[in-house]
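Remarks on the overall topology
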Amino acid sequence: MDKHLATSFYENQFTGVLVIDVASKDTLYNRNAQKYFIPASNTKIFTLFAALKTLPNQIPALQYIEQNDTLYFQGTGDPSFLHPYLKDSTAFNFLKSKSNVVFATDNFMDSKYGPGWAWDDYQWYYSPERNALPLYGNVVMIKKNPELMVSPSYFKDSVLLISTTENRKETSNIFFYPPQKQDTLETPFITSIATTKAVLEQVLNKNISTRASMPTGVKKTLYGIQADSLYIRMMHESDNFIAEQLLILAASELKDTLNSSFARNHILENELSDLKQEPRWVDGSGLSRYNLFTPHNFVHVLSELYTLLPQERLFTIFPAGGVSGTLKNKFKGDDKPYVYAKSGSLSNNYCLSGYLLTKSGKTLIFSFMNNHFKKATRDERTQLERMLQILRDHY
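Read on for a plain summary of the structure.

Here is what the cut-offs are and how they apply
Residues numbered from 1 in each chain as written. Predicted model: local features only at pLDDT ≥ 70, side-chain atom pairs only at ≥ 80, totals over all residues. Heavy atoms only, no water. Buried < 20%, exposed > 50% of the residue type's maximum accessible area, 1.4 Å probe, protein only. Helix = DSSP H or I, 4+ residues; strand = E, 2+ residues; numbered from the N terminus. Pairing = 2+ DSSP bridges. Phe/Tyr/Trp six-rings, centres within 6.5 Å; stacked < 30°, edge-to-face > 60°. 1 Å grid on protein atoms, 1.4 Å probe; cavity = no way out; pocket = protein on both sides within 12 Å on 5 of 7 lines; lining within 4 Å. Points joined across faces, edges and corners; volume = space filled by probe spheres on them. Nonpolar A, V, L, I, M, F, W, Y, C, P; charged D, E, K, R; others polar. Salt bridge = Lys/Arg side-chain N within 4 Å of Asp/Glu carboxyl O. Axes fitted to C-alpha atoms, helices over the stretch in contact; angles between N-to-C directions. Parallel < 35°, antiparallel > 145°, perpendicular 65-115°, else oblique. Contact = heavy atoms within 4.5 Å. Expected span 1.5 Å × (residues − 1). Core = buried A, V, L, I, M, F, W, Y, C linked by side-chain atoms within 4.5 Å.

Of all the 9 residues making up strand S15 (residues 363-371), 9 are buried; the element is thus mostly covered by neighbouring parts of the structure. The pairing of strand S1 (residues 14-21) with S15 spans 8 bridges and is classified as antiparallel. Looking across to S15, one finds that Gly16 is bridged to Met369. With 9 bridges joining them, strand S14 (residues 349-357) and S15 adopt antiparallel strand pairing. Looking across to S15, one finds that Leu357 is bridged to Thr363. Connecting S14 to the antiparallel partner S15 that follows it, the hairpin turn spans 5 residues, and Gly361 within it adopts a positive phi of roughly 95°.

Here it is as structure tokens:
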């Protein structure tokens, strides 16, 4: 490992590594493990831990109070409401069955974007806005089949068939779809109370009233999708939107106000107070370059997860090398997966943290963090794979 990291390939970048044996707790390899790195989507490992520590097995879809013939409800941050891939209809069917519906809007006390997110990501599928009551994943899906199909259909008249470098106007919900395009285009829409109300009214085919706060009374919770469905999609597809909303959901379980920083602080102060280095953790997805974590941080949380969950469930949530998710075409084993891990990519950064099964039957926990390189990310992965194979074959 020393020889590999001493090659010219690594001379102009910053690399940190920590590898431990699960059974013995011995440190097998350590290089810069106490140093801070930009983690990219490795941040989702902390988000997964936060969700597992705070959320029930079924996700809270809505909170509500029924008084006389009126249903008052508020969002919890659940990202699955009519999500195009998750397809959960629990909240939809519940609201559809009620005659008089009032949406309470004042419990979301967070920003629509995370700290340090790139302003020009507003039009790309991986950067939807955050809010209390997401609908359709907060994205508009547009395709021709052969007629133009738009979901949610509320935005159909807002799509212009124009070839342009933009997917959407920056300041309004006007979308662009090239006439010659054949595949599906996913574009975040601008969220607001008015937009949420309008989309809901159309899909439910009924009028919805709004008010600032819930009436006095004991709130009930409507439970929806299985939590693992969210965790698997977040980890396998590196879904930024689900990651962000999971922290909002966690906040909804801890207090009445939906604020992701409260959930992060709660986890760091109560569940992870023994971290060797205090991370700078600013969002759920890792989109922000303000995040700073050490390899020690990730190995610690991965160890906690290994204790918290049965191995079969844990390895189902994490992508498997050569088999699933973002690792489907990478880190392949000879006849079965040997790596279960979360990757993290931003320009000039690539990290991989997770679990490795050796040929001798050992289980290792590792974190490889690579920052500030100018080479192609695929070359970083190739070099990393060689080191993972060394661990697999020789320990």
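A complete count under the given rule lists 18 aromatic pairs for this structure. Ring centres of Phe46 and Trp281 lie 5.4 Å apart, and the angle between their planes is 75°; on these two criteria the pair is classed as edge-to-face. Residue Phe46 is found in helix H2 (residues 43-54), and its partner Trp281 is found in the loop between helix H7 (260-271) and helix H8 (295-308); the two are separated by 235 residues along the sequence. For the pair Phe46 and Trp281, a shared accessibility class is recorded, and that class is buried.

In this section: the layout of surface pockets. Computed from the structure, the largest pocket encloses a volume of approximately 740 Å³. Forming the walls of the largest pocket are 35 residues, and the residues nearest its centre are Tyr125, Tyr126, Glu237, Ser238 and Asn240. Listing elements by their share of the lining of the largest pocket, those giving two or more residues are helix H5 (227-237), helix H6 (240-254) and strand S13 (339-346). When residues in the lining of the largest pocket are grouped by element, the largest group, 5 residues, is from S13. By residue class, the composition of the lining of the largest pocket is 13 nonpolar, 13 polar and 9 charged.

Counted under the stated rule, the structure contains 14 salt bridges. Between Glu129 and Lys112 there is a salt bridge, with the nearest N and O atoms lying 3.6 Å from each other. Here Glu129, found in the loop between strand S5 (100-104) and strand S6 (139-144), pairs with Lys112, found in the loop between S5 and S6; they are 17 residues apart in sequence, far enough to count as distant. Classification of Lys112 by relative accessible area gives partly exposed; the value is 39%. Residues Asp256 and Lys219 are paired through a salt bridge, measuring 3.5 Å at the closest nitrogen-oxygen approach. Note that Asp256 is positioned in the loop between H6 and H7 and Lys219 in the loop between strand S11 (209-211) and strand S12 (220-226), a separation of 37 residues in sequence. Connected through shared salt-bridge partners, Asp334, Lys359, Arg392 and Asp393 make up one network.

Packing of H5 against H6 leaves a shortest axis separation of 9 Å and a crossing angle of 140°. As far as their axial angle goes, H6 and H5 are oblique. When H5 is examined against H6, the residues Leu230, Tyr231, Arg233 and Met234 are found in contact with a partner set consisting of Ile242, Ala243, Leu246 and Leu249.

With 12 residues, helix H4 (residues 193-204) extends 16 Å from end C-alpha to end C-alpha; this agrees with the ideal 16 Å at 1.5 Å per step. The inward-facing, buried residues of H4 contact strand S4 (70-75), helix H3 (90-96) and S5.

This part takes up the sheet that holds strand S7 (residues 148-151). In space, the 3 strands of this open sheet follow the order S7-S6-S10, with antiparallel pairing throughout. On the outer flanks of this sheet lie S7 and strand S10 (185-188), each paired with one strand and no other. Averaged over neighbouring strand pairs, the angle between their axes works out to 20° when direction is ignored. As paired elements, S6 and S7 share 4 bridges and run antiparallel to each other. Note that in S7 the partner of Met141 across the bridge is Ser151.

Turning our eyes to something else, we now look at the environment of Cys351. Of note, Cys351 is situated in strand S14. With a relative accessible area of 0%, Cys351 lands in the buried category. Considering only alpha carbons, one finds Cys351 and Ala40, 311 residues apart in sequence, at a separation of 7.4 Å. Among residues more than four places away in sequence, those in contact with Cys351 are Ile38, Pro39, Asn42, Lys342, Ser343, Gly344, Phe368, Met369, Asn370 and Asn371.

Before going further, it helps to examine the nonpolar core. Nonpolar side chains in soluble globular proteins generally cluster together in the buried interior. Within the largest apolar cluster, 51 residues are counted, with the highest numbers of intra-cluster contacts made by Phe46, Leu48, Leu230, Tyr231, Leu246, Leu305 and Phe318. With near-sequence residues (within four places) excluded, Tyr231 lies in contact with Leu48, Ala51, Leu52, Leu55, Leu246, Arg313 and Ile317. Formed by 31 residues, the second largest nonpolar core is a distinct cluster that contains Ala91, Leu95, Tyr136 and Leu148.

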